[in-house]
Amino acid sequence: MEMLQGVMEFQKNLAKDHAQVVPISVFVAVLCLCVVVGHLLEENRWVNESITAIILGCLAGGVILAVSKGKSSHILTFNEELFFIYLLPPIIFNAGFQVKKKQFFQNFLTIMLFGVVGVFISAAIITSGSWWLFPKVGFAGLNARDYLAIGTIFSSTDTVCTLQVLHQDETPLLYSLVFGEGVVNDATSVVLFNAVQKIDVTRLSALTPLNVIRDFLYLFLTSTALGIASGLLTALVLKTLCFGRHSTIREITLMVLMAYLSYMLAELFELSGILTVFFCGILMSHYAWHNVTYSSRITTKHVFAMMSFIAETFIFLYVGMDALDIEKWKMSKLNMGTSLGICSTLILLISVARAAFVFPLSALSNYMNRAHSERGSKITFKHMIIIWWAGLMRGAASIALAFEQFTFYGVTLDPINATMITTTIIVVLFSTVVFGLLTKPLINYLLPHPTTANDIIRERRYDNAREDMTLPLLSLEESATTNILRAKESLSMLMEMPVYTIHSYWRKFDDAYMRPFFGGPHPVNEQSPA
């Protein structure tokens, strides 16, 4: 009898496993279809991978909805923990690993203005605007924390569409700003979202904004420090133990596991895993990548890019399927007019909030870099429009934060929360598809004449000339008068070009002390994964 019960239990488990394998197999098949269709549309720069995945997700959701007779449109249940623990780390790490570090750090101040200060401005405008306008369109029931969360949710951008149209060699400054802001923006939005969750909405006071800024700075700085420490530790271990002498697999495995460990440690200490894994990726590509064998360098570059690609496609594919989730639409209990009013309000607030910081901060950046603005480092008005447009699209981070705020493990029984989930999905779909399709014609209209080869060569010569600023402040081999004159020139250069000057002295310190200890090529032979 006990044996019979055991056999029946085994059959039940087998049937349960089979039921789980089928939807996963279907989802993987649709992922493969996304890859094939994306390849066929490679020459058409109007449609990128995100748009392709969303459209195929909607089509697959429609088929599943028809097969299930209107019961469900997706085969997997979205879980914000799945997103933050398994899907987001490879995307952010690869962004840090592949980033063009020279351009990124030369434009670091401007990127931080857009990615940090801009998020605070955008979140404040979207929060106050939704608080004021939602009741006017017939939507009420959200509390103070919900409105604050909405501000951070819809301040997170997705610049993939714009980056696939821009050419890094033709517009290096514009590409660097859009790419850098996209990464820093996501990290800042998540950190600010976590800081908002700590607010006691029953005791709001004039000190509340200061407490939010304090919590944000703590999370930002400690998370960055943990990422830097993880990257340096990985580089030191790889250089000291020389894994490549016996097995290239071990050194690749160590890099992957250390990157993931840095993210999990940040989450364990309630820090920002996004910031940690991003700076870990930068440090690994700058030091650790040069301490492995040549075959491992090639392998890690493509493995990290592949993992990021699969994660991004998975997310957008699910977003397309979830757009047809009939249960959430039934749960919201709002008519079409109110739903359109909410979505239109959010898109308007996103556009206004974006413009409110892009144009003023661009002007501020030009003022700070006025000493060398004539050499191609000035953000023109057309560049400002493209930067503004690039940040209008919303993506996976907004979806994940909305699920974390308004659902419990992907499920909600509250009509108000269900409305916010469906609204977020609509905004993401509309911004990604509509704004994404208009990105290429807009850029071609604003930048009709790409940079010529001579202009590119001239810009690279100027970049090389800027490296001459790496002379030491003082030298024991020269006279006191020469040292004083050099110090005055350096201080003057620091006042006129602070970012470039700091970057140049960091490069000298890096070449003299960091690379010999943690690893890396000679500056003349410098290479990077990107």
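Preceding block: the structure.
Since the structure is predicted, the reported quantities are computational estimates derived from the model, not experimental observations.

**With respect to the packing of helix 10 (residues 248–268) against helix 12 (residues 294–322)**
The axes of two packed helices give the description: the angle between them and the distance between them. Where helix 10 meets helix 12, the axes come as close as 10 Å, and the angle between the chain directions of the two elements is 40°. Between helix 10 and helix 12, the angle falls in the class oblique. Crossing of helix 10 against helix 12: the hand is right-handed. When helix 10 is examined against helix 12, the residues Thr248, Glu251, Ile252, Met255 and Val256 are found in contact with a partner set consisting of Ser295, Ser296, Thr299, Thr300 and Phe304. Grouping the amino acids of the contact of helix 10 with helix 12 by side-chain chemistry returns four nonpolar, five polar and one charged.

**Some thoughts on the side chain of Ser272**
For Ser272, the location among the structural elements is in the loop between helix 10 and helix 11 (273–286). Exposure remark for Ser272: the relative accessible area of 2% places this residue in the buried category. Residues in contact with Ser272, not counting those within four places in the same chain, are Ala187, Val191, Ser223, Ala266 and Glu267.

**Some remarks on the packing of helix 5 (residues 108–133) against helix 9 (residues 208–241)**
One can describe the packing of helix 5 onto helix 9 by two numbers: an axis separation of 12 Å at closest approach and a directional angle of 145°. In this structure, the crossing between helix 5 and helix 9 has a hand that is right-handed. Of the residues in helix 9, those touching helix 5 at Met112, Val116 and Phe120 are Ile213, Phe216 and Phe220. Here the contact of helix 5 with helix 9 is composed, by residue class, of six nonpolar, no polar and no charged.

**Description of the packing of aromatic side chains**
Applying the stated criterion to the full structure yields 16 aromatic pairs. Measuring from centroid to centroid gives 5.6 Å for Phe134 and Phe139, while their planes differ by 65°, and the two rings are edge-to-face. Taking relative accessible area as the criterion, Phe134 reaches 0% and is therefore assigned buried. Judged by relative accessible area, Phe139 falls into the buried class, the value being 2%. Through successive ring pairs, a cluster of aromatic residues spans Trp131, Phe134, Phe139 and Tyr147. Note that Arg297 overlies the ring of Trp289, its terminal NZ or CZ placed 5.4 Å from the centroid.

**Here's the deal with the nonpolar core**
Grouped together as the largest cluster of nonpolar side chains are 121 residues, with contacts concentrated most on Phe134, Ile150, Phe154 and Met284. Of the residues forming this core, the biggest block, twelve residues, is contributed by helix 8 (residues 172–197). Ignoring sequence-local partners within four residues, the contact set of Phe154 consists of Ile126, Leu346, Ile350, Arg394, Met420, Thr424 and Val427. Within the second largest apolar cluster, seven residues are counted, among which are Val119, Ala123, Leu192 and Ala195.

**Brief notes about the environment of Phe27**
Among the secondary structure elements, Phe27 is positioned in helix 1 (residues 2–40). Residues Phe27 and Leu317, 290 residues apart in the sequence, show an inter-C-alpha distance of 8.9 Å.

**Side note on a nonpolar patch on the surface**
There is a patch of nonpolar side chains on the surface, built from Leu207, Leu210, Ile213, Leu217 and Leu221 and spanning about 480 Å² of accessible area. Take Ile213: it is sitting in helix 9. Among the residues examined, Ile213 registers a relative accessible area of 38% and is labelled partly exposed.

**Some words on the environment of Asn369**
Within the secondary structure, Asn369 is located in the loop between helix 14 (336–368) and helix 15 (381–390). Separated by 259 residues in sequence, Asn369 and Thr110 place their C-alpha atoms 9.6 Å apart.

**A few points about the environment of Gln98**
Topologically, Gln98 is positioned in helix 3 (residues 80–98). Between the alpha carbons of Gln98 and Ala305 there is a distance of 8.4 Å; along the sequence they are 207 residues apart. Within the local environment of Gln98, its side chain forms a polar contact with the backbone oxygen of Lys301, the two atoms lying 3.2 Å apart.

**Re helix 8**
The terminal C-alpha atoms of helix 8 lie 38 Å apart, and with 26 residues this matches the ideal 38 Å at 1.5 Å per residue to within 8%. Burial runs high along helix 8: 23 of the 26 residues are buried.

**Quick look at unusual backbone geometry**
The phi torsion at Glu270 lies on the positive side, around 60°, for a residue other than glycine. Relative to the helices and strands, Glu270 is located in the loop between helix 10 and helix 11.

Cut-offs used in this document
- Residues numbered from 1 in each chain as written.
- Predicted model: local features only at pLDDT ≥ 70, side-chain atom pairs only at ≥ 80, totals over all residues.
- Heavy atoms only, no water.
- Axes fitted to C-alpha atoms, helices over the stretch in contact; angles between N-to-C directions.
- Helix = DSSP H or I, 4+ residues; strand = E, 2+ residues; numbered from the N terminus.
- Parallel < 35°, antiparallel > 145°, perpendicular 65-115°, else oblique.
- Left-handed = near helix turned anticlockwise from the far one by under 90°.
- Contact = heavy atoms within 4.5 Å.
- Nonpolar A, V, L, I, M, F, W, Y, C, P; charged D, E, K, R; others polar.
- Buried < 20%, exposed > 50% of the residue type's maximum accessible area, 1.4 Å probe, protein only.
- Phe/Tyr/Trp six-rings, centres within 6.5 Å; stacked < 30°, edge-to-face > 60°.
- Lys NZ or Arg CZ within 6 Å of the ring centre and 35° of its normal.
- Core = buried A, V, L, I, M, F, W, Y, C linked by side-chain atoms within 4.5 Å.
- Patch = residues over 30% accessible without salt bridge, like charges linked within 9 Å, V, L, I, M, F, W, Y side chains within 5 Å.
- Areas by Shrake-Rupley, 256 points an atom, 1.4 Å probe, with all protein chains shown as cover.
- Salt bridge = Lys/Arg side-chain N within 4 Å of Asp/Glu carboxyl O.
- Polar contact = N/O pair within 3.5 Å; in protein donor to acceptor, adjacent residues only side chain to side chain.
- Expected span 1.5 Å × (residues − 1).

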